[in-house]
Amino acid sequence: KRDHQLWCDFSRVLLRRETKRVICHMELEFCSARIENMHICGIMKKRAWCCCICVLGTILLMILFQTICDSNAITLYASWLNTKFYPKLHSITHNATGHQNITSRRSYTSEKSYNVSAFATCYNTTRPTEVEDLLCMTPPSFLPGYRNPCWYELEGKLRCLPYFHVIGMDKSASTDLFDRICQHPSVLQNSGVLKKETMWWSWLRYGHWLQSSRQKESFSRYLKYFDNATKQIENITDAAGNHILVTGDGTPMDFWDFSGWPLIPQNRGLTEPKILTPHLIRHINPNVKLFLILRDPVDRLYSDYFFLGLGPQSVQGFSDSVDLSLQLLDRCIKEKSLRLCIFNRGIHLKMKARLHLGFYSIFLKEWLAVFPREQLLIFRTEDFSKDISSHIELAFNFLDLKPLSSDEMKIIAQAPHKYETVRKRRMKPMPSDTRQKLVALYKDTKEELAHMLQDNRFLWQT
């Protein structure tokens, strides 16, 4: 019954796309197959052997349909129809949990793929306190001829995910990096905060905000952040007919804020998380390109403190907030692991000086456990600021974008910096005793980071 309905649904999609002549023939062959078989049996119902033939025929037909579905022959047939009649057509199948699987002519997924589902179970139901189970969603198969990962829904609407993410880091020039990338003529902004931050994977999906709560947002709502870009991606092509425009997500909290992990169904009943943001992104968008820009964690913290204004806005206020945050962290790690402490939303809300953001190596481990290293391009803020042009050229090459002329690159490199912390510039330098405390705090994580990346620049020794 499911397979029979699938063919009929498939027919109706084509019918809505003004291919009535093709559909009439297809429905005659496929949707009416059982009726014809039953009609033949009705004529010959007096003969016992006919009933046997009908039963065996029905079983063989069901096996045939199941085999076709399992072997993706439907997708191949759709591909032929796409080429022949309507290039935007897609076919619909369903997984065991009833979620739609949108398939097209060619998959965007690379052959080298980390199988998230191998160690993550799809929960058919979620509890009221939990969030939408993304691992129950069958990942879309993205359209060929599109550089950006896009697909057509059943209703014929194009939907797109980001081609790249700038996943971090806060107060490390991530906004400046994202803005300069978007100055390439092939890159489109999203409709999030600053036309950059959707804040979905780290905050809005869980109903989180900086120091408060918001209404939870669904995955469908996340896709709407890219609707404006999607229209341009669909309508603009190059001379060969390829859709070359791309869009991105530049939410810096995605790198480090995993505090919503208790709300993920696969973490139900666990004392430490098994599934985090990297697993979910990898499941939905496996070939996404990731940027990460990191700054000396001590300097980053000083800028972050005066940017957010969570504590008294003075040098002494910063030092006092650091001491209180150190005490809070010290109490936590006496009872729990450092990993669990810095993934804890309660800790996040209490810290006026956000020390937890500086443990880069712990966060990076989570991403590299899921994504291959070649899918991450990692910069240092200090190097980026000294030579913007070379870093932007590396970024464009990483994204496989069309090279720009030297004049175009010069304009992008010389554009004003975005969102410098003005209040920090007015403050005196950080007190030396406070700096020494923070250097000692981050010593191990910097050494681990430098070892992971095989690059001693990430020790920030000078």
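The model shown is predicted, which means the values in this text are computed figures rather than measured ones.

## Focus: the confidence of the model for the chain
And then number 1: Per-residue pLDDT for the chain has a mean of 81; in total, 73% of the residues score no lower than 70.
And then number 2: Per-residue pLDDT stays below 50 along residues 1-48; that stretch engages in 63 contacts with residues further than four places along the chain or on separate chains.
And then number 3: Predicted confidence is poor over residues 65-113, with pLDDT under 50, and the contacts of this stretch with residues over four places away or in other chains come to 107 contacts.

## Details of the pairing of strand S9 (residues 376-380)
And then number 1: With respect to burial, S9 is a largely interior element, five of its five residues being buried.
And then number 2: In S9, alternate side chains face the same way, and those of Leu-376, Ile-378 and Arg-380 on one face and Leu-377 and Phe-379 on the other are all buried.
And then number 3: Where strand S8 (residues 289-294) and S9 come together, five bridges link them in parallel fashion. Residue pairing in the sheet places Leu-290 in a bridge with Leu-376 of S9.

## Digging into the nonpolar core
And then number 1: Membership of the largest hydrophobic core comes to 74 residues, with the highest contact counts inside it found for Phe-219, Phe-255, Leu-294, Phe-318 and Leu-438.
And then number 2: Ranked by residue count, the leading element in this core is helix H11 (residues 315-333), at six residues.
And then number 3: Among all residues touching Phe-255, those that are not within four sequence positions of it are Ile-167, Gly-168, Met-169, Leu-292, Leu-294, Tyr-360, Phe-363, Leu-364 and Trp-367.
And then number 4: Counting residues in hydrophobic clusters, the runner-up holds 25 residues, among them Leu-177, Phe-291, Ile-293 and Phe-384.

## Examining the side chain of Asp-133
And then number 1: Tracing the chain through its elements places Asp-133 in the loop between strand S2 (100-103) and strand S3 (150-152).
And then number 2: Buried within the structure, Asp-133 lacks any salt-bridge partner; Arg-205 is the closest side chain of opposite charge, at an N-O distance of 6.4 Å.
And then number 3: Among residues more than four places away in sequence, those in contact with Asp-133 are Cys-122, Tyr-123, Thr-126, Pro-265 and Gln-266.

Criteria and thresholds
Residues numbered from 1 in each chain as written. Predicted model: local features only at pLDDT ≥ 70, side-chain atom pairs only at ≥ 80, totals over all residues. Heavy atoms only, no water. pLDDT = per-residue confidence, 0-100. Contact = heavy atoms within 4.5 Å. Buried < 20%, exposed > 50% of the residue type's maximum accessible area, 1.4 Å probe, protein only. Helix = DSSP H or I, 4+ residues; strand = E, 2+ residues; numbered from the N terminus. Pairing = 2+ DSSP bridges. Core = buried A, V, L, I, M, F, W, Y, C linked by side-chain atoms within 4.5 Å. Lys, Arg positive; Asp, Glu negative; His and termini not counted. Salt bridge = Lys/Arg side-chain N within 4 Å of Asp/Glu carboxyl O.

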